Amino acid sequence: MSRLLSSALSLRRDPRMLKLPPYLSLLCMIVGVAWLLLLPLESYSRRTYISENALLPGQVHTYFGGSEQNVFRAYRHELDDLRDKDNYAFNNRLETILQGQGIKVGRQNYTYHSAGEAYTGENVYGILQAPRGDATEAIVLVAAWKGVEDHLNCNGVALALTLARYFKRWSLWSKDIIIVVPPESKTGTQAWVDAYHDAHDSNKVAPLPLKSGALQGAIAIDYTSEQRFEGLHIIYDGTNGQLPNLDLINSIVNVASGQMGIQTAIQDMKHHTDRYPDRLRTMLRGMLNQGLGMSAGPHSSFIPYHVDSVTLQPYGEGWHDEMAMGRVIEGTFRSLNNLLEHLHQSFFFYLLMHRDRFVSIGTYLPSAMLLSASFTIMAIFLWMKSGQTSSRVSGRSSASAVMKRAAGTDKPNDNITSTSQAAERDLFLPLGIVAGCQAASLLPLFIFNNLPTTMLSGAFTLFCLVSAGLPSVVCHILSTFWTPTAQHFQLTKSFSLLILGMSLATLATLNFSLAFLVGLLASPLAFVQPTHSVVVRYAVAGLLSTVAPPLVIYTVAQMVGLSLADVLREASFGWNVWGMYTAVVVWCVWWPAWLVGMVNALATPPRDE
């Protein structure tokens, strides 16, 4: 036992141990990426299932159809006459229709400001009181006048009105049904949901004159096409990467595919082969949408309030008509009507790679955690390294030579040994550099979320130039007013990587995709260090410049076919209206870490160290 303990102590003092952390950090990154690529395999994913037995999806016969098609066509004809009317004239007609069905109607005005633009509108909604309920719970049916892609949603609104008339005649409802018709998908639903939960800004959003009980679920209709459809696209991504309960998606798939014979698709994968390439593509599309954190449809506004919701969007050319769509909604509403409590048994954190296949958080979370751990490992390694100084001592009388001989690792011809001595850490300058970079990150966050649209592109170009030249300016200031040592650079990088690793590990539990994507793009920062070689120095700086946050944003905008002004305007809109925190991660976590990495890459270390 004593021999084992002495061997462990000698191993702890072995300088070769300090060479392992960089390789361990790189291994964590490789394993993290490989782990993600394994998820679409049969062995790592599993089939979806209904956890909440009370839902009983597809177990009841739906009666929507027949004469209801004539009602739908009549409403559709009336809405065609309102295409060129303004929001208020449209709502006047809808209010008359809903009141004629015996439904209580309320209206709500709102005005949002973002990027120098005003978003003004008026919501109209009706509450169908449940014959068997006590107004303590409600289900929401949303049909925005303008759909997700900004096309008129005439079929969707007409179908919602037809369903409201149809639901009114049934006495089986134990939950109120609320029909909400906002003027468009981006702001109207957000204003209505905020006001419903009394979380609105009274200066921007008016309160609701009518309310029901706690919202148990919501379905949004985005039926902008005027032809028969092939299948239903289920849009489920929420703001900031939040997702609805998986049981809701499984119930809709069960009702549509199992009972109605309607194909269902997710993540815009209309023709899925259920093989590895398509599974991987679906999963990566879901991760990209989740990582961006933007609202994917009217349903996204409900999810932050723990109201499970999705948007149904018909696609393709087939033989299914609006009556089939109505029966899917009827079957889903009757399933939600069976609930005795809020959906809670199934998963809220998952990655879907097919409508019938998923992985849960316990399976995919390690990949992001390994990436964040790689930064933390390097931070601890640099902290330990900064507290040691190496000195070369000749002769056999040194303490390290004695220890090496006792451990049996000394060679007979070793006359020069290297010893490590404790060194006092100078924390003032490293902490000042990291704190300054973190403070500077507040500027782009404030600027890009408050400038008008006309100035966003110019401001972004100017910021790119400042961001590219700022590391050289910082290095010049450091060399002019201070004499930074190797220890200073080690501590600066250690503090920066520690903040990055802790932030990504925390973010991974809330938005796995955003944490993984930022961690992957920031991975070169873990291995950057000052060097005397000018060629290597600028080569490393050039490599880091390719993963600079501004350049990545510009590249992504070009890849998706959007102008830079549109991307910045949507990001500003997400911050000001939806409460999207993606900008905080990009500018206050990723960008300062990149800035410190560039300073380390361009800095010239002292010759005597």
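Predicted model, so just to flag it, every value in this text is computed and none were measured. (Residues numbered from 1 in each chain as written. Predicted model: local features only at pLDDT ≥ 70, side-chain atom pairs only at ≥ 80, totals over all residues. Heavy atoms only, no water.)

Draft legend 1. Quick look at the overall build of the protein. From N to C terminus, the protein includes 20 helices and 13 strands. If one aligns the C-alpha atoms of the protein with their principal axes, the spans along those axes are about 100 × 55 × 40 Å. In the protein, which comprises 609 residues, the proportion classed as buried is 52%. Contacts in the protein between residues at least 24 apart in sequence constitute 82% of all its contacts with a sequence separation of at least 6. By element, 60% of the accessible surface of the protein is carried by carbon and sulfur atoms, the whole surface being about 27000 Å². Averaged over its 44 positive side-chain charges, the protein has a centre that lies 11 Å from the centre of its 44 negative ones. (Helix = DSSP H or I, 4+ residues; strand = E, 2+ residues; numbered from the N terminus. Buried < 20%, exposed > 50% of the residue type's maximum accessible area, 1.4 Å probe, protein only. Contact = heavy atoms within 4.5 Å. Areas by Shrake-Rupley, 256 points an atom, 1.4 Å probe, with all protein chains shown as cover. Lys, Arg positive; Asp, Glu negative; His and termini not counted. Charge placed at Lys NZ, Arg CZ, Asp CG, Glu CD.)

Draft legend 2. Region of interest: the side chain of Gln 313. Its location among the elements puts Gln 313 in strand 9 (residues 309–320). A relative accessible area of 14% places Gln 313 in the buried class.

Draft legend 3. Molecular detail of the environment of Leu 128. Secondary-structure assignment places Leu 128 in strand 3 (residues 117–128). For Leu 128, a relative accessible area of 2% gives the class buried. Along the primary structure Leu 128 and Ile 103 are separated by 25 residues, whereas in three dimensions their C-alpha atoms are 5.5 Å apart. Among all residues touching Leu 128, those that are not within four sequence positions of it are Ile 103, Ala 164, Phe 167, Lys 168, Asp 176 and Ile 177.

Draft legend 4. Region of interest: the nonpolar core. The biggest cluster of nonpolar side chains holds 71 residues, and the ones touching the most others in it are Phe 512 and Trp 587. Take this core: its biggest share by element is 16 residues, from helix 20 (residues 582–602). Contact partners of Phe 512, with chain neighbours within four places excluded, come to Leu 36, Met 287, Leu 351, Tyr 364, Leu 365, Ser 367, Ala 368 and Leu 507. Ala 158, Leu 159, Val 181 and Leu 243 belong to the second largest nonpolar core, which has 68 residues in total. (Core = buried A, V, L, I, M, F, W, Y, C linked by side-chain atoms within 4.5 Å.)

Draft legend 5. Inspection of the UniProt feature "transmembrane region" (unreviewed entry) in the protein at higher detail. When the UniProt feature table is mapped onto this chain, "transmembrane region" (unreviewed entry) is found at residues 20–41, 361–384, 427–448, 460–483, 495–522, 534–557 and 577–603. Taken end to end, residues 361–384 is 100% helix and 0% strand, and its first and last C-alpha atoms sit 33 Å apart. (UniProt positions renumbered as here; feature names shortened; annotations may be inferred.)

Draft legend 6. Layout of the packing of aromatic side chains. With the rule as written, the count across this model stands at 26 aromatic pairs. Residues Tyr 49 and Phe 347 carry aromatic rings whose centres are separated by 6.5 Å and whose planes lie at 85° to one another, so their mutual orientation is edge-to-face. Of the two residues, Tyr 49 is situated in the loop between strand 1 (46–47) and helix 3 (68–80) and Phe 347 in the loop between helix 9 (322–337) and strand 10 (350–354); the sequence distance between them amounts to 298 residues. For Tyr 49, a relative accessible area of 37% puts it in the partly exposed group. Ring centres of Phe 481 and Trp 482 lie 6.4 Å apart, and the angle between their planes is 65°; on these two criteria the pair is classed as edge-to-face. Judged by relative accessible area, which is 62%, Phe 481 ranks as exposed. Over the ring of Trp 170 we find Arg 334; its NZ or CZ atom is 5.7 Å from the centre of that ring. (Phe/Tyr/Trp six-rings, centres within 6.5 Å; stacked < 30°, edge-to-face > 60°. Lys NZ or Arg CZ within 6 Å of the ring centre and 35° of its normal.)

Draft legend 7. A look at the packing of helix 15 (residues 486–508) against helix 16 (residues 512–521). At a closest axis distance of 7 Å, the pairing of helix 15 and helix 16 adopts a crossing angle of 150°. By the angle between their axes, helix 15 is roughly antiparallel relative to helix 16. When helix 15 is examined against helix 16, the residues Leu 504, Leu 507 and Ala 508 are found in contact with a partner set consisting of Phe 512, Leu 514, Ala 515, Val 518 and Gly 519. Considered class by class, the residues forming the contact of helix 15 with helix 16 number seven nonpolar, one polar and no charged. (Axes fitted to C-alpha atoms, helices over the stretch in contact; angles between N-to-C directions. Parallel < 35°, antiparallel > 145°, perpendicular 65-115°, else oblique. Nonpolar A, V, L, I, M, F, W, Y, C, P; charged D, E, K, R; others polar.)

Draft legend 8. Main features of the sheet that holds strand 7 (residues 229–235). Pairing is mixed across the open sheet formed by eight strands, whose spatial order is 2-3-5-4-6-9-7-8. Looking at the sheet topology across the chains shown, the edges are occupied by strand 2 (104–114) and strand 8 (263–266). Averaged over all neighbouring strand pairs, the angle between strand axes comes to 25°, with direction disregarded. Relative to strand 3, strand 2 is paired through 11 bridges, and the arrangement is antiparallel. Following the sheet pairing, His 113 is matched in strand 3 by Ala 118. Taken strand by strand, helix 4 (residues 87–100) contacts strand 2, strand 3 and strand 5 (176–181), and its axis lies near 5° from that of strand 3. Sheet contacts for helix 19 (residues 564–578): strand 2 and strand 3; angle to strand 2, the most-contacted strand, approximately 125°. (Pairing = 2+ DSSP bridges.)

Draft legend 9. Focus on the environment of Ala 593. Take Ala 593: it is sitting in helix 20. We classify Ala 593 as buried; its relative accessible area is 6%. Sequence separation of Ala 593 and Phe 512 is 81 residues, and the distance between their C-alpha atoms is 19 Å. Setting aside its immediate chain neighbours within four residues, Ala 593 contacts Ser 496, Leu 500 and Leu 525.

Draft legend 10. Quick look at the packing of helix 18 (residues 549–559) against helix 20. Here helix 18 crosses helix 20 at 120°, and the two axes come no closer than 9 Å. By the angle between their directions, the pair helix 18 and helix 20 is classed as oblique. Contacts from Pro 549, Pro 550, Val 552 and Ile 553 of helix 18 reach helix 20 at Val 586, Trp 587, Trp 590, Trp 591 and Trp 594. Split into classes, the residues belonging to the contact of helix 18 with helix 20 amount to nine nonpolar, no polar and no charged.

Draft legend 11. Geometry of the sheet that holds strand 11 (residues 357–360). Read across the sheet, three strands follow the order 1-11-10 without closing on themselves; strand pairing throughout is antiparallel. Every other strand in the sheet has two partners, leaving strand 1 and strand 10 as the edge strands with one partner each. Pairing between strand 1 and strand 11: two bridges, direction antiparallel. The residue bridging Arg 46 from the neighbouring strand is Phe 358, located in strand 11.

Draft legend 12. Region of the structure containing the pairing of strand 9. Bridge count for strand 6 (residues 214–221) against strand 9 is four bridges, and the pairing is parallel. The residue bridging Ala 218 from the neighbouring strand is Ser 309, located in strand 9. Examined bridge by bridge, strand 7 and strand 9 share six bridges and lie antiparallel to one another. Residue pairing across strands places Phe 229 opposite His 320, the latter belonging to strand 9.

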